[in-house]
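Residue strings, one per chain:
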There are 2 protein chains.
Amino acid sequence: MPIMSSTAKPSPETTDRNPRDMANAIRALAMDAVQRAKSGHPGMPMGMADVATVLFQKFINIDPSRPDWPDRDRFVLSAGHGSMLLYALHHLVGYADMDIEQLKNFRQLGSRTAGHPEYGHALGIETTTGPLGQGLSTAVGMALAERMMHARFGGDLVDHYTYTIVGDGCLMEGISHEAIDLAGTLKLSKLVVLWDDNGISIDGKVDIATATDQVARFKAAGWNTWAVDGHDADAVEAAIAEARKSDKPAFIACKTIIGYGAPNRGGTAKAHGEALGDEEIALAREQLVWKSEPFELPEAVVKGWREVGIRGREARETWEKRLASSAERERFQSAVATTLPSGLAGELASFRQALSADAPKVATRKASEMALEVINRVTDMTIGGSADLTGSNNTLTKGMQSITPDDFSGRYIHYGVREHGMAAAMNGLALHGGFVPYGGTFLVFADYARGAIRLSALMGLRVVYVLTHDSIGLGEDGPTHQPIEHLAMLRATPNLLVFRPADAIETAECWEIALTERHRPSVLALTRQGLPTVRAGDVGENRSARGGYVLKEADGPRDVTIMATGSEVEIALAAAKSLAESGKQAAVLSMPCLDLFEEQDEAYRKSVLGTAPRIAIEAAARLGWDRWIGENGRFIGMTGFGASAPAPQLYEKFGITPQAVVDAALEIA
Amino acid sequence: MPIMSSTAKPSPETTDRNPRDMANAIRALAMDAVQRAKSGHPGMPMGMADVATVLFQKFINIDPSRPDWPDRDRFVLSAGHGSMLLYALHHLVGYADMDIEQLKNFRQLGSRTAGHPEYGHALGIETTTGPLGQGLSTAVGMALAERMMHARFGGDLVDHYTYTIVGDGCLMEGISHEAIDLAGTLKLSKLVVLWDDNGISIDGKVDIATATDQVARFKAAGWNTWAVDGHDADAVEAAIAEARKSDKPAFIACKTIIGYGAPNRGGTAKAHGEALGDEEIALAREQLVWKSEPFELPEAVVKGWREVGIRGREARETWEKRLASSAERERFQSAVATTLPSGLAGELASFRQALSADAPKVATRKASEMALEVINRVTDMTIGGSADLTGSNNTLTKGMQSITPDDFSGRYIHYGVREHGMAAAMNGLALHGGFVPYGGTFLVFADYARGAIRLSALMGLRVVYVLTHDSIGLGEDGPTHQPIEHLAMLRATPNLLVFRPADAIETAECWEIALTERHRPSVLALTRQGLPTVRAGDVGENRSARGGYVLKEADGPRDVTIMATGSEVEIALAAAKSLAESGKQAAVLSMPCLDLFEEQDEAYRKSVLGTAPRIAIEAAARLGWDRWIGENGRFIGMTGFGASAPAPQLYEKFGITPQAVVDAALEIA
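What counts and what doesn't
- Residues numbered from 1 in each chain as written.
- Chains lettered and ligands numbered in written order.
- Predicted model: local features only at pLDDT ≥ 70, side-chain atom pairs only at ≥ 80, totals over all residues.
- Heavy atoms only, no water.
- Contact = heavy atoms within 4.5 Å.
- Buried area = accessible area lost by both parts, 1.4 Å probe.
- Salt bridge = Lys/Arg side-chain N within 4 Å of Asp/Glu carboxyl O.
- Nonpolar A, V, L, I, M, F, W, Y, C, P; charged D, E, K, R; others polar.
- Pairing = 2+ DSSP bridges.
- Helix = DSSP H or I, 4+ residues; strand = E, 2+ residues; numbered from the N terminus.
- Axes fitted to C-alpha atoms, helices over the stretch in contact; angles between N-to-C directions.
- Buried < 20%, exposed > 50% of the residue type's maximum accessible area, 1.4 Å probe, protein only.
- Phe/Tyr/Trp six-rings, centres within 6.5 Å; stacked < 30°, edge-to-face > 60°.
- Lys NZ or Arg CZ within 6 Å of the ring centre and 35° of its normal.
- Least-squares fit on C-alpha atoms with pLDDT ≥ 70 in both.
- Domains from an automatic or database assignment.
- Polar contact = N/O pair within 3.5 Å; in protein donor to acceptor, adjacent residues only side chain to side chain.
- 1 Å grid on protein atoms, 1.4 Å probe; cavity = no way out; pocket = protein on both sides within 12 Å on 5 of 7 lines; lining within 4 Å.
- Points joined across faces, edges and corners; volume = space filled by probe spheres on them.
- UniProt positions renumbered as here; feature names shortened; annotations may be inferred.
- Core = buried A, V, L, I, M, F, W, Y, C linked by side-chain atoms within 4.5 Å.
- pLDDT = per-residue confidence, 0-100.
- Disulfide = S-S within 2.5 Å.
- Expected span 1.5 Å × (residues − 1).
- Arc of directions from axis to C-beta.

Participant: Explain the interface of chain A and chain B to me, using residue names and the numbers behind them.
Facilitator: Note on interface size: it is often stated as the accessible area lost on association of the parts. Counting residues at the interface gives 97 residues for chain A and 97 residues for chain B. Buried surface at the junction of chain A and chain B, summed over both partners, amounts to about 7,700 Å²; 58% is from carbon and sulfur atoms. Three residues, Y448, R454 and F641 of chain A, lead the burial of chain A against chain B; their summed loss comes to 9% of the area buried on that side. The interface formed by chain A and chain B holds 10 salt bridges in total. Its residues placed into classes, the side of chain A that touches chain B shows 35 nonpolar, 37 polar and 25 charged.

Participant: Which residues make up the sheet that holds strand β20 (residues 634–637) of chain A, and what values do they have?
Facilitator: Residue and element names in this part refer to chain A. Pairing within the open sheet is mixed, and its 5 strands lie in the order β16-β18-β17-β19-β20. Of all the strands in the sheet, just β16 (549–552) and β20 have a single pairing partner and so form its edges. With strand direction ignored, the average angle separating the axes of adjacent strands in the sheet is 30°. Here 4 bridges tie strand β19 (residues 614–618) to β20, and the two strands are oriented parallel to one another. Within the sheet, the bridge partner assigned to A616 lies in β20 and is F635. Sheet strands touched by helix α20 (residues 568–581): β16, β17 (560–564), β18 (586–590) and β19. Its angle to β17, the strand with the most contacts, is close to 160°. Along the sheet face, helix α22 (residues 602–609) touches β16, β17, β18 and β19 and points at about 25° away from the line of β16.

Participant: Explain the pattern of salt bridges to me, and be specific about the residues and the numbers.
Facilitator: Residues and elements named next belong to chain B. Per the counting criterion, the structure on display carries 89 salt bridges over all chains. Notably, a salt bridge pairs R352 with E509, separated by 3.9 Å at the nearest N-O pair. Of this pair, R352 sits in helix α13 (residues 343–358) while E509 sits in helix α19 (residues 504–516), and the two are 157 residues apart along the sequence. For the pair R352 and E509, a shared accessibility class is recorded, and that class is buried. R352 is the salt-bridge partner of E512, the closest N and O atoms lying 3.3 Å from each other. Of the two residues, E512 is situated in helix α19 and R352 in helix α13; the sequence distance between them amounts to 160 residues. The same class applies to E512 and to R352, which are both buried.

Participant: Describe the packing of aromatic side chains, with residues and values.
Facilitator: By the definition in use, this model includes 30 aromatic pairs over all chains. With a centroid separation of 4.9 Å and 85° between ring planes, the pair formed by F218 of chain A and W223 of chain A is classed as edge-to-face. Relative to Y163 of chain B, the ring of Y161 of chain B has its centre 5.8 Å away and its plane inclined at 25°; by these criteria the two rings are stacked. Residue class for Y163 of chain B comes out buried when judged on its relative accessible area of 0%. An aromatic cluster is defined as three or more aromatic residues linked by ring pairs; in this entry it consists of W69, F153, W319 and F332 of chain A. A cation over an aromatic ring shows up here: R546 of chain A above the ring of Y604 of chain A, its NZ or CZ 3.8 Å from the ring centre. For the cation-ring pair, K190 of chain B lies above Y161 of chain B, with the distance from its terminal atom to the ring centre recorded as 4.3 Å.

Participant: Describe unusual backbone geometry, and please don't skip the residues or the numbers.
Facilitator: At D388 of chain A, a residue that is not glycine, the phi angle is positive and equals roughly 65°. Mapped onto the elements, D388 of chain A comes out in the loop between β9 (382–386) and α15 (390–393).

Participant: Help me get a handle on the relation of the copies chain A and chain B, residues and values and all.
Facilitator: Between chain A and chain B, which share one sequence, the superposing operator has a rotation angle of 180° and an axial displacement of 0.0 Å; the RMSD is 0.0 Å. Such values leave the two copies arranged in the relation of a two-fold axis. Taken as a fraction of all interface residues of chain A, those also at the interface in chain B reach 100%, which identifies the copy contact as same-surface.

Participant: Kindly report on the domain arrangement of chain A, identifying the contributing residues and their values.
Facilitator: Residue and element names in this part refer to chain A. Assigned domains of chain A: these are domain 1 (19–320), domain 2 (342–532) and domain 3 (548–668). For domain 1 versus domain 2, the separation of C-alpha centres amounts to 33 Å. Contact residues are listed per partner, giving 28 residues for domain 1 and 33 residues for domain 2. Looking at the side of domain 1 facing domain 2, the largest losses of area belong to M148, R152 and E178, adding up to 24% of the total buried there. Counting every contact that joins domain 1 to domain 2 gives 7 residue pairs in polar contact (both at pLDDT 80 or more). Listed by contribution, the elements that provide at least two residues to the side of domain 1 that touches domain 2 are α5 (134–153) and α7 (174–185). Among the elements that make up the side of domain 1 that touches domain 2, the one with the highest residue count is α5 (13 residues).

Participant: Run through the environment of E581 of chain A, naming residues and quoting values.
Facilitator: Residues and elements named next belong to chain A. Examined against the element boundaries, E581 turns out to sit in helix α20. According to the relative accessible area criterion, E581 is exposed, its value standing at 64%. Separated by 17 residues in sequence, E581 and E598 place their C-alpha atoms 33 Å apart.

Participant: Talk me through empty space enclosed by the protein; I want residue IDs and the actual numbers.
Facilitator: Inspection of the entire model under this criterion finds 13 cavities of 30 Å³ or more. Roughly 110 Å³ of internal volume is contained in the largest cavity. Considering the residues around the largest cavity, the lining is formed by E173, G174, I175, E178, H420 and Y448 of chain A together with E173, G174, I175, E178, H420 and Y448 of chain B. If you list the elements that add at least two residues to the lining of the largest cavity, you get α7 of chain A together with α7 (174–185) of chain B. A class-by-class count of the residues in the lining of the largest cavity yields 4 nonpolar, 4 polar and 4 charged.

Participant: I'd like a description of the UniProt feature "active site" (unreviewed entry) in chain A, backed by residues and values.
Facilitator: According to UniProt, the positions carrying the feature "active site" (unreviewed entry) are E419 of chain A. A residue is classified by how much of its surface remains accessible, and E419 of chain A, at 3% relative accessible area, is buried. If we ignore the near neighbours within four places in the chain, the residues touching E419 of chain A are E178, A387, T441, F445, Y448 and A449 of chain A together with E173 of chain B.

Participant: Break down the nonpolar core for me, citing the residues and quoting the values.
Facilitator: Taken as a class, soluble globular proteins show a tendency for nonpolar side chains to be buried jointly. Counting residues in hydrophobic clusters, the biggest one holds 259 residues, and the most contacted among them are L490 of chain A together with L490 of chain B. In this structure L490 of chain A touches L443, A446, I453, L467, L496, V498 and V523 of chain A, once residues within four positions along its chain are discounted.

Participant: Describe the sheet that holds strand β2 (residues 162–166) of chain B, listing the residues and the values that go with them.
Facilitator: Residues and elements named next belong to chain B. If you trace the 5 strands from one edge of the open sheet to the other, you get β1-β2-β3-β7-β6, paired in parallel fashion. In this open sheet, the two edge strands, each paired with only one partner strand, are β1 (74–77) and β6 (224–229). Each neighbouring strand pair of the sheet contributes to a mean axis angle of 15°, computed without reference to strand direction. Pairing geometry for β1 and β2, over 4 bridges, is parallel. By the bridge assignment, V76 is partnered in β2 with T164. Against the sheet, helix α2 (residues 43–59) engages β1, β2, β3 (191–197) and β7 (250–255), with an angle of about 155° to β3.

Participant: Provide a residue-level description of the UniProt feature "domain: Transketolase-like pyrimidine-binding" (unreviewed entry) in chain A, including the pertinent values.
Facilitator: The positions that UniProt labels "domain: Transketolase-like pyrimidine-binding" (unreviewed entry) are, in the present scheme, residues 362–533 of chain A. Helix and strand shares over residues 362–533 of chain A are 38% and 18% respectively, and the end C-alpha atoms of the span are 8 Å apart.

Participant: I'd like a rundown of the confidence of the model for chain A, residues and numbers included.
Facilitator: Model confidence for chain A is summarised by a mean pLDDT of 96, while 97% of its residues fall at 70 or above. As scored by the predictor, the complex reaches a pTM of 0.97 and an ipTM of 0.97.

Participant: Describe the side chain of Q585 of chain B, naming the residues involved and giving the relevant values.
Facilitator: By the element assignment, Q585 of chain B lies in the loop between α20 (568–581) and β18 (586–590). Residue classification places Q585 of chain B among the buried residues on the basis of a relative accessible area of 18%.

Participant: Outline the state of the cysteines, listing residues and values.
Facilitator: All names here are of chain B. Inspection of every chain in the model, using the stated rule, returns 0 disulfides over all chains. The thiol sulfur of C170 is not disulfide-bonded, and the nearest other cysteine sulfur, from C254, lies at 13 Å. The class of C170 is buried, set by a relative accessible area of 1%. Here C510 stays free of any disulfide, with the sulfur of C593 as its closest cysteine sulfur at 7.1 Å.

Participant: Tell me about α20 of chain B, and please be specific about residues and values.
Facilitator: Count 3.6 residues to each turn of an α-helix, and residues three or four apart come out pointing the same way. Residue and element names in this part refer to chain B. Here α20 spans 20 Å end to end across 14 residues, near enough to the 20 Å set by a 1.5 Å rise per residue. Within α20, the full set of buried residues consists of E568, V569, I571, A572, A575, A576 and L579. Buried residues of α20, seen end-on, are gathered within an arc of 150° and therefore sit on one face of the element. Seen from the buried face of α20, the exposed residues on the opposite side, beyond 90 degrees, are K577 and E581. Packed against the buried residues of α20 are β16 (549–552), β17 (560–564), β18, β19 (614–618), α24 (647–653) and α25 (658–668). Downstream of α20 by a residue or two, G583 has a phi angle that is positive, lying close to 80°.

This is the structure:
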C-alpha cells in the first residue's frame, strides 16, 4: 500500500482552506451520489480528490460565471467513469447549473450528471469522456490548439494550460500511445497529465495486465515526468508547479489509493465501479472525520472552494482588459467564434462555375484538393493534416506550412501513422475553438479511428474526415485496403454526414456543406481513380445539399431508376445510355449523401425516387440500400471482400459494370 | 545517412552463401516485380533484405515442403506493404506455389502475390498484414500460443520462435502499444521483433511525426532491446542470437536505408511506395553489382537460399521422430487440428433441455457464461479472456486459471484495457492452431477493435467476440457506452456472423454455431439486463442456425409480423399479446442472426417473413432492417444516441415499448 501522507490524515477541525476537508467534500459527494444512484464509480473520485483539490485550489484558471471564457484553462477528466469527481468539483466551485439536486440525480434521466461527462450537458464540461484514452487524446488536440492560437494572437490573449486526469485504462489503450507520441513530438509544453496511479483495474491488480513503467514510457516519448504521492498535497503542488514550467508536455504519476477513505473497499477493485453500501460509507465518514450528512457541506468548505472561482474571475477580468485594448480584438473574437467568412459561398460558387466549364476528369481526392485550394485561401481557420498519407489524401494545399515544435503558426499537421490519435486531436481542436480541422487517411482506416469519429458525432463537432481510396477502385493494394462495410458503418452512426461525391462539382458542394454544418462532423469518401465531370452545366444550386437528386431524367416515363454514389455514378450513366439504345428509359440519381436525402421531405424523396423499379450501384456492402431500392429493387455492389489487381479488372471481376446494371434493369423493368 | 557496412558493399564475385548476394536477390526481385506491376513498395524489401537474409539463412526453422509443420517458426511481415520481401523469400527458399511467374504477376488478378500478404493466398503466409501494427499484434498472439502449447505438450513437441519485421508505421499505431505491453507483461520470451528503422515515412522524414525513442519505449514495456546497423550481417546475427536467449520479448532496432541500393531514391520517401523506374533500377543494378536480368537468378544464389529449407526439413524430420515416439502424439495432433470434441453437441443439447425446464430469467451475458461452463468442461481448446471486464462480460468459468508470465498452463487471459490488442492476439491464437479463443468487452468498444475484427473476418478465423452491454439496456453508463450503429457495422462486415440471442436457449445455440463455424468469426451481442426464457419447450433443434424463425405463430392468418432480436423479442411477444386482445393476430419472429437468415433459401425466408405487413424492433440503428421489413414496414428502434438513466426509463424515453409496437401495428395492419 502507498504511504498515507500527513495532509490526508484526519485533522480535528474544519477550516475553510484545509485541503483535506476540501478533498473530503469531493469524496463525500461522490460516495453519496453513487450510493443514491446505486450505480457509478466512487473509487476514482475518492482516490484523486487530493490531487484535484490541489489542482483546482492552487492552479486552475476557470471562471464558473463565464464557463466559456476563451483563455480559461481546460480540464479534461479522461478517466470519465470518475464523473462524480467532475460534478463534485463543478458543484463546489459554483457552476450555476450544477446545484445539489443535480448531484442527487446522478445518472438519472434528464439530469446533467450523466454516467460519464457529456459535452453540452452541463456548463464547463470541456469534452465527452468515458471511452478510455479519448480524453487524454482530445486534450492533446486542445493543447495543440492553444499553442496555435498563441502563435496567431500572442500570449496576451492566449496563454492557458490543458490539464487532464488519466487512469490506468487510459494508459493501456492504444490511442494513448498515439496521443503521447504526438504531444511529445510537438513539445506541447502547456499540457499537464495527472495519472491516477492506483494500481487497480476492474479485473484486479493492474500488474496482472501491464508491466509498463509509465514514467519511463512517457520519458521515451519526449515528456518531462514526475512521480509523487497523490495524497501528499505539498508534493502534488510542487510537481504541478514544476510541470507548468516544463519545456515539454508534463506527466505526473500520482500514487493513490482507489476509494481512499473507505476502510474495507479502499485499495481494492471493489471500490472501482459500484456503490460502497451504507455500512462502508458510514465507516468511511468515520475514517475521514466527515460529519456532514449526505449532500450537505460545511459552510467553511464551500467558502474555500468558491475561492477557486474568485481567482478565476479576477484572471478573466484582467484578460478582458487586455483583450479590450488589443489591436487583435476583432480578429480574435471572430476566430474564437469560428465563423467562416461570408465570402466562402461565393468563391465556391465561382469555383463550381469554372469546373463546369472545364469539366475535368479527376479523382475526387484531387477534386477535394482543388476545393481546399479555394477554401484555404478564403479562411485560415481550416487546419489540414493527414495520418502520413498527405500525397495520397491530397490534404495539403499550396503555401500551407507544417506545424513544428518550434513554430505553431502553420496550418498543416503531420499526424503520423495515427488515425485514432488524429481524430481525437481534431476533436480537441474543434472543441477548443478557433479552428475547423480536417484530416485524411484511407477510408478503410476509419476502422482505426472509429472510437474518436463516434465522439465527433456524439459531441456534434465540425470535424471533416477526408477519407480517400474509397472502394475496390484503389486497385492493387488489395482487400486489406479496400473498404466494403465502411460506408454502412459510417452511415449508421447518428449525427455524422457521409458524403460520396461523384465528380469535382459534387466534391466542392460536399465540402461546402461540411463546412456549413456547425454541429455535425462529415466524412468525405473520395476516389483514388479519375472520374469524369457528370454535373457540367448544372451548378447554380448546391444539389448535394438535398442528399440525392435526379442527375439525368429519363427520356419519357421512367422504365427504371438507377441510383449511385461516387465513382459508380459514371457506371449508372453508361448503363442508362445503353438501356436507351434498347428502348428502356432510365433516370439516373446521384446520391452523394444518403443521410441528407433521408432528411428531405417525403414529397421530394418520392419525386426523386419515382415509381419505376430501382437499382442501386455502390462498390460496397449492400447494407442500408434496401431502404432506397425497395423490396423488388436490385443492388449492384460487393458481397464479400475485394482483391488485389488493377481497378478496372476488379470492377469486372465483381460485376460492377454498366452491363450488369443493364442486365438487372432488363430483368425488372 | 547511416553507415554503409562492409557486408553490404559490392564484392567482386558471387558465391553461393555470400549474404550480400543473397540479399541482393531479394532487392532485384522486389524492384523488378514492382516495376513490372507499376505499383507497390520497393523501399522496404530493399532496406530489410540484409536483415531478412540473416534471419532466414541462420535462424529460421521452416520447411517449404511442409509449410504447415506445427513446430515451425512463425514469420510475420508486419510491414505488409513490403510484401515483395516475403514473396521473394518464399520464392528463394522454394515454396512450391511461389514460382517466378507469381512474382512476375505481382499485384495482378488471380495471382498469389497480392499487394499485401493475404493469409491463404499462398503457402507459408502466416497472417494477413497491411493495416499497420496488426502483424506485430497478431505475432504477440502467436508467441503466446506457442508458450501455451509448450506448457501443455512440453518442449519436445512445441519449441519455436515467432519473428516479425515491423516498420515505423507499425510502431506509431496505437495497437502496437497494446501489443508490446501485453507481450512484456507476459514475458513472451520467444518473440523477436525486428524494426526496420529507416527514418522515413510517407510524408517524409519520420521525425516530423514522431520523437519517440523506440528502444527506451520497448524497455519501459519490459522488453530486452538491441540496436544494430541493419546492413551489417554480423551485427544482426549476433543480436538475433542473443535475442533468442532473452528471458523477455526481444526488440532489435535495425538501422537501415530504405530502398538500399537505389542511388537516387534510396534513403528517401520516394523509395517507399512506387516503382523506381527503369533508369534508377539500372543504376541500382550497377551499385549492387547485380548482373542478372529481371526475374533471373544466379544458380549459386538459389543454391544458397535453398539451404534454408534443407535445414528446416532436417529440423522437421527430427521433430517428427520425437512426435512419433511421444506419448502425447494423439492428443497433440488433435489439438493442432483444433477439432472440438464430438460430445459437445450432445452436452449443449442436454443443457438446452435443462434450460427449457428451468426457464431462467437471466441476462444473455450470464446465459453465455452458463453455456461456457458446459463448453469449457467438454474441451480445453477454448481460451477465454476479457479486456478488463471479466466480471461484466462473464467470460471466466469455474476453475479456469489465468495465464501468467510464470505459468502458461491456464486458459484465461487478462488482456487489460486493450480491445484492439486482444482482438489481434486472438487472431494470432487462432492462426497458430490449438486454440479457439474468445474474448469479451462491451459491444460499443467493438469500435476500438474494428481493425482486428475485420482481419478475423478477412482471414476466416474462428474467433468469438463476446460483446456484452449490447444496447441502451445497459442503462446509466450513458451514450458513450450504448451501442447504436455497432450491429449494423458488424453485420455489414463480410464473413462475420453477428448473433443477438433472445434468451438463454438461443444463447447456447449461438455459442454452438460460433464454435462449429471453422472459417468465420462470430460476434455474440449480449445483454446486461435480465431476459425471460422465450423458447422453453422448443429446444430439439438449433433454431438459431437458420438465423431467424417463427417463435410464435399468429392464431390464424397473420395481420402483422413482428420481428426482433435479443432483448426486444420480449417486447415483440408482449405486443403480440396485446394485439391479440384487440383482435389482431401477430406472428413473432426471433432473428438471432440476420447473416444466417440471409443465407437460407428463399422459400424458407418467405415462409418465415410471411406476407402480412412487418415491424422490426431492435434498440439500435435502423440501417439494414429495411431489407426485412420492406418498403411499407415499420422499424422501432433508435434514431440517435442514447442517454444516461436506468434502462427501463430509457426504453420508455426512446419509445421502444410494446405499446409503440401495438400503435405501429394498428396503423399498418
